[in-house]
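Analysis of the macromolecular model
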Amino acid sequence: MRYIEFGEQKAKASEVMIGLMRIKEMSVPEVTELIEAALDEGINALDIADVYGRGTCETILGEVFAANPGLRDRVFLQSKVGIRKEPDGFTWYDFSKEHIIEAVDAGLARMGVDHVDSMLLHRPDVLMEPDEVGEALETLKDQGKVLDWGVSNLNPAMLGRLERRVPVKLATNQMQLSCAFTPAFNGAFNVNMENDAAIMRDGGIFECCEDRGMVIQAWSTMQYGYFEGAFLGSPKYPELNAKLEELAEKYGVTPMAVALAWVLRYPAKMQAVIGTTKPSRVREAARACDFELTRKEWYEIYCSAGNVLP
Ligand SMILES: NC(=O)c1ccc[n+]([C@@H]2O[C@H](COP(=O)([O-])OP(=O)(O)OC[C@H]3O[C@@H](n4cnc5c(N)ncnc54)[C@H](OP(=O)(O)O)[C@@H]3O)[C@@H](O)[C@H]2O)c1
């Protein structure tokens, strides 16, 4: 496994990260097996959020920690707050000071832990007041409940607005990226052209994060579209799958590992979050750190997903 130094605490966090968004139907022994499989491979970073299963996923993780004394201290634990889901399903975003503090406390209680290594503001609240956000982040950091803060799905303008007014350093921005989900790169390649790929949808957020030395965490690294399904084995992506299989054979790994190596090849401090519920796939994923794709291979994968370079 490869590791990055995360945030001001310089925590050792694995480049492959286990996402726990899909564990709400799993038992405590099953989730324990998933995490133990990750730790066996050197993967120590876990990603969860208060909104996953409306708190159920954090509760299950808390039960896993309670059943396995010492486990919490072996992992780099990250959660997220800021998305609110009402009982009727209505979803909205809330970066008010009151909500951030309440939500962090509630999440810590569900997981049965006194702190997280990292906490992210999950999706931008356009109504956020940066000074108020800053007070919440600083309070929770001073209390030792959140060791490092980060954000998710923020564009450069919102990130800059927070950075100027929030008195804590933001360690990461978690963004969607996979071989089959590349709007950020499409805009960069087609700059100033008159085709739709030239539309810059994110304001150059990858470049902006790299410039700042922020960690970029890629979410849904196996999906195409917005949770439309895994591209691996999908008939919608024959050329991509053929290319991943060819390179998997070359490097002695599986296509999943090649797809993750593609994400990790971006020249920033990268982490790739995987959402599998299967220990065997966790073991496959770990191999992504055993090799590095060449530049040409990276471009071949990008084009085999249906992208055209100008
Ligand atoms: N910040 C955000 O806004 C945000 C949004 C979404 C997700 N996330 C984070 O990112 C994590 C990962 O997201 P995700 O769950 O969408 O990840 P993902 O790894 O892209 O997708 C996981 C799904 O793909 C399937 N899958 C994985 N590997 C496969 C393979 N080799 N072949 C076929 N199917 C495969 C899994 O099934 P099996 O379980 O059967 O393997 C699972 O249903 C989440 O857990 C969460 O922590 C963050």
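Residues numbered from 1 in each chain as written. Predicted model: local features only at pLDDT ≥ 70, side-chain atom pairs only at ≥ 80, totals over all residues. Heavy atoms only, no water.

Points about the overall build of the protein
Counting secondary structure elements, the protein contains 11 helices and 14 strands. Computed over C-alpha atoms, the radius of gyration of the protein comes to 19 Å, within 12% of the 19 Å expected from 2.2 N^0.38 for 310 residues, which places it in the range of a compact globule. With respect to the principal axes defined by its C-alpha atoms, the protein has extents near 50 × 45 × 40 Å. Looking at the protein as a whole, 55% of its 310 residues qualify as buried. Intrachain contacts of the protein at a sequence separation of at least 6 include 75% that bridge at least 24 residues. Carbon and sulfur atoms provide 50% of the accessible area of the protein, an area that totals close to 13,600 Å². When the 33 positive and 47 negative side-chain charges of the protein are each reduced to one mean point, those points stand 2 Å apart. (Helix = DSSP H or I, 4+ residues; strand = E, 2+ residues; numbered from the N terminus. Rg over C-alpha atoms; globule rule 2.2 N^0.38 Å. Buried < 20%, exposed > 50% of the residue type's maximum accessible area, 1.4 Å probe, protein only. Contact = heavy atoms within 4.5 Å. Areas by Shrake-Rupley, 256 points an atom, 1.4 Å probe, with all protein chains shown as cover. Lys, Arg positive; Asp, Glu negative; His and termini not counted. Charge placed at Lys NZ, Arg CZ, Asp CG, Glu CD.)

Topic: the environment of S178
Mapping S178 onto the fold places it in the loop between β10 (170-176) and α6 (183-189). The sequence separation of S178 and R281 amounts to 103 residues, and the corresponding C-alpha distance is 17 Å. Ignoring any residue separated from it by four or fewer positions in sequence, one finds S178 in contact with S220, T221, M222, Q223, F231, W262 and V263. A polar side-chain atom of S178 sits 2.8 Å from the main-chain carbonyl oxygen of Q223. (Polar contact = N/O pair within 3.5 Å; in protein donor to acceptor, adjacent residues only side chain to side chain.)

Details of the site of the ligand
Near the ligand there are 27 residues, and of these R22, D47, T276, T277 and K278 occur at the shortest range. For the ligand, an oxygen atom lies 3.3 Å from a polar atom in the backbone of T221. With respect to the ligand, the side chain of R281 contributes an N or O atom lying 2.7 Å from an oxygen atom. Contact with the protein chains hides 88% of the accessible area of the ligand, taken as 900 Å² for the molecule alone. Considered class by class, the residues forming the shell around the ligand number 11 nonpolar, 11 polar and five charged. (Near = heavy atom within 4 Å. Nonpolar A, V, L, I, M, F, W, Y, C, P; charged D, E, K, R; others polar.)

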